[in-house]
Amino acid sequence: MMKRFLMPLLAGVVLAGAAQAQTLDRIKETGLLKLGYRLDAAPLSFQTEEGGPAGYTPMVCAELAQGILNTIQIPNLDVEFIPVGMQDQFEKVAAGEIDLLCGASTITLGRRELVDFSIPTFADGTTVMLPINGSDSFADLAGKKLGVRRDSTTETALNNTLASTATFAEVVRFNDHGAAMTAMENGEIDAYFGDQAILAGLWITSPQRDNIKVSNNLLTVEKHGLAMARGDTEFRLMIDRLLSSMYARGIMQTIFQQTLPGVQPGDIHRAVFTMAPIIE
């Protein structure tokens with residue numbers, strides 16, 4: 001039986017040279033599935049105080065691991081959750097250091113030059129966190145200090161919107177969401193841009209949540225997927241089949257409710273629940 005896991009990080013060693021083999025062949029040979037996860041993208045993917053993975057996407061991957069075991073029918077499957085940073089996450093996938101990236105990854109054509117993606121697992125969009133009395137109008141942010149995560153798709157979306165609307169504002173770049181949230185709570189920035197789900201997670205845990213809000217206005221619509229080695233069609237087809245089955249059986253909806261309690265999926269995310277490929 002597969003070792004039981006949901007949250008704890010499983011220790012292990014990446015085998016040298018394994019990246020040269022196709023993913024399924026390597027998993028069958030080693031009995032090891034390597035899952036990458038982000039440390040700071042709650043509620044989608046983050047690390048608990050105990051040092052293990054948590055969030056929506058790691059839970060999706062935990063379910064996928066059981067499906068992989070059932071499909072390839074090997075005696076035992078060890079699962080190793082490997083923390084990754086925002087700067088090196090796709091490089092680790094391309095190098096074969098992880099088999100699936102279970103983070104908060106927007107599917108983009110630029111990223112697909114390096115890795116492949118599964119069918120969408122989540123739909124989100126760029127929005128803004130503001131003081132409770134702040135205006136949701138983008139035009140009213142002119143001349144303000146606007147925070148954003150460094151080197152993210154959100155930073156690109158914000159800069160593009162500023163340019164297209166001829167809006168001048170000071171963009172303050174942060175290395176992580178925690179530092180940005182502290183700046184927001186202390187009034188050091190006037191607004192913070194990010195994925196709506198991540199901003200909602202920051203808001204829920206903030207001691208200043210009565211004084212700030214997350215806007216419902218979206219600057220972008222972004223589809224998230226699980227990144228995997230580019231060109232490995234056999235492994236990608238297996239993952240897409242398993243995800244499609246999870247959508248059809250309502251498992252993806254259940255994971256959403258468990259990991260984002262009290263949050264109602266928006267129209268875009270509800271559409272994702274119905275758009276998985278038909279299972280033949």
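The rules behind these values
Residues numbered from 1 in each chain as written. Predicted model: local features only at pLDDT ≥ 70, side-chain atom pairs only at ≥ 80, totals over all residues. Heavy atoms only, no water. Helix = DSSP H or I, 4+ residues; strand = E, 2+ residues; numbered from the N terminus. Expected span 1.5 Å × (residues − 1). Buried < 20%, exposed > 50% of the residue type's maximum accessible area, 1.4 Å probe, protein only. Patch = residues over 30% accessible without salt bridge, like charges linked within 9 Å, V, L, I, M, F, W, Y side chains within 5 Å. Areas by Shrake-Rupley, 256 points an atom, 1.4 Å probe, with all protein chains shown as cover. Salt bridge = Lys/Arg side-chain N within 4 Å of Asp/Glu carboxyl O. Pairing = 2+ DSSP bridges. Axes fitted to C-alpha atoms, helices over the stretch in contact; angles between N-to-C directions. Contact = heavy atoms within 4.5 Å.

Caption draft 1: Looking closely at unusual backbone geometry. Cis rather than trans, the peptide bond between Ala42 and Pro43 has omega equal to 5 degrees. One non-glycine residue, Asp151, adopts positive backbone phi at about 60 degrees. Checked against the element boundaries, Asp151 lands in the loop between strand S10 (145-149) and helix H4 (153-164). Not every positive phi belongs to a glycine, and Ala166 is a case in point at roughly 55 degrees.

Caption draft 2: Quick look at helix H7 (residues 233-248). With 16 residues, H7 extends 22 Å between its outermost C-alpha atoms, agreeing within 8% with the 22 Å of an ideal straight helix rising 1.5 Å per residue. When H7 is considered as a whole, its buried residues turn out to be Phe235, Met238, Ile239, Asp240, Leu242, Leu243, Ser244, Ser245, Met246 and Tyr247. Of the residues flanking the end of H7, it is Gly250, one or two places downstream, whose phi is positive at about 80 degrees.

Caption draft 3: Region of the structure containing a nonpolar patch on the surface. There is a patch of nonpolar side chains on the surface, built from Leu218, Val221 and Ile268 and spanning about 220 Å² of accessible area. For Val221, the location among the structural elements is in the loop between strand S13 (212-214) and strand S14 (222-224). The class for Val221 is exposed, based on a relative accessible area of 53%.

Caption draft 4: Here's a closer look at the sheet that holds strand S12 (residues 191-195). Strands sit in the order S11-S10-S12-S9-S13 across an open sheet of five strands; the sheet is mixed. Either end of the sheet is taken by a strand with one partner, and the two such strands are strand S11 (170-174) and S13. Ignoring strand direction, the axes of neighbouring strands in this sheet form an average angle of 25 degrees. Summarising the sheet, strand S9 (residues 126-131) and S13 pair through three bridges and their orientation is antiparallel. Within S13, the position partnered with Met129 by the bridge is Val214. Each of S9, S10, S11 and S12 is contacted by H4, which is oriented at about 145 degrees to S10, the strand it contacts most.

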